[in-house]
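Observations on the model geometry
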Amino acid sequence: MKFDEVERAIGYTFKDKSLLQRALTLASASDDNNQLLEFFGDAVLEFIVSEKIFAEGKSEGELTERRKTLVADSALAPVSEKLGLDKYLIRGKKDVGNKKAVPSAYEAVTAAIYLDGGMDEAKRFVLGSLDFSERNAVVNYKGILQELLQAEGNPCPEYIREDIGTPQNHRFKVSVKVFSKTFTGECDNAKGAEQLAAKSALNFYEKIRK
């Protein structure tokens with residue numbers, strides 16, 4: 001492995017090069033692999049992300065969903081590829097289609113940096129490589145609403161669907177009754193309409209809570 005290339009890509013120079021090698025070694029290639037580093041890195045990453053988004057002024061449910069989006073494999077994979085970590089993975093000969101290995105490499109490298117240089121260096125790596133903008137964030141309004149209602153001892157909301165479109169062009173209207181009011185959402189797919197109805201209910205809740 002060309003350590004200097006990897007270190008330039010991630011912006012960190014390791015004192016203990018074996019940590020970097022281990023972070024990029026898959027179980028298919030060696031018993032001394034990155035699985036434990038991936039486990040530890042997941043926790044370090046969640047802490048750094050949680051600390052970063054804590055001051056955004058959102059509710060607990062919204063922050064939970066935002067963190068989930070930021071640390072999901074679908075978010076980490078393109079970051080890992082942008083850094084070139086996928087090219088430096090040490091795989092077994094028959095290990096060619098392991099897609100999980102790409103986002104896992106980011107978690108393992110995060111842990112390796114933490115162990116080698118401490119939390120400040122791990123933060124610098126994560127904050128400098130993750131995209132914290134909300135332009136691609138997918139918010140699960142249904143999940144947030146359900147969590148809110150359950151926290152207050154209320155039953156899960158029931159969503160009522162109605163296809164108001166045509167056989168050629170479906171259009172769904174969904175209604176949900178919470179907070180003694182009925183909220184609706186419309187979209188060309190049922191799930192999207194449910195999310196919009198839940199979002200409308202949450203917006204109402206935020207207004208009455210102030």
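Above this text is the structure in question.
Now for a look at the structure at hand.

Definitions and cut-offs
- Residues numbered from 1 in each chain as written.
- Predicted model: local features only at pLDDT ≥ 70, side-chain atom pairs only at ≥ 80, totals over all residues.
- Heavy atoms only, no water.
- Helix = DSSP H or I, 4+ residues; strand = E, 2+ residues; numbered from the N terminus.
- Rg over C-alpha atoms; globule rule 2.2 N^0.38 Å.
- Buried < 20%, exposed > 50% of the residue type's maximum accessible area, 1.4 Å probe, protein only.
- Areas by Shrake-Rupley, 256 points an atom, 1.4 Å probe, with all protein chains shown as cover.
- Lys, Arg positive; Asp, Glu negative; His and termini not counted.
- Charge placed at Lys NZ, Arg CZ, Asp CG, Glu CD.
- Salt bridge = Lys/Arg side-chain N within 4 Å of Asp/Glu carboxyl O.

1. Describing the overall build of the chain
On a plain count of helices and strands, the chain comes out with 10 helices and three strands. Listing each helix as α and each strand as β along the chain from the N terminus yields α-α-α-α-α-α-α-α-α-β-β-β-α. On C-alpha atoms alone, the chain measures out to a radius of gyration of 22 Å, which is more than a quarter above the 17 Å that the 2.2 N^0.38 rule sets for 210 residues. Once the C-alpha set of the chain is aligned to its principal axes, its extents read approximately 60 × 45 × 25 Å. Expressed as a percentage of the 210 residues in the chain, the buried residues total 38%. Total accessible area on the chain is roughly 12,200 Å²; 50% of this is exposed by carbon and sulfur atoms. In the chain, which carries 31 positive and 33 negative side-chain charges, the distance between the mean positions of the two groups comes to 4 Å.

2. What about the pattern of salt bridges?
Scanning all chains against the criterion turns up 16 salt bridges. Measuring nitrogen to oxygen at the nearest pair gives 3.5 Å for the salt bridge that ties lysine 68 to glutamate 65. Taken together, the residues span about one helical turn, with lysine 68 and glutamate 65 both in helix α4 (residues 60-71) at a distance of three residues. Residue glutamate 65 is classed as buried on the basis of its relative accessible area, which comes to 11%.

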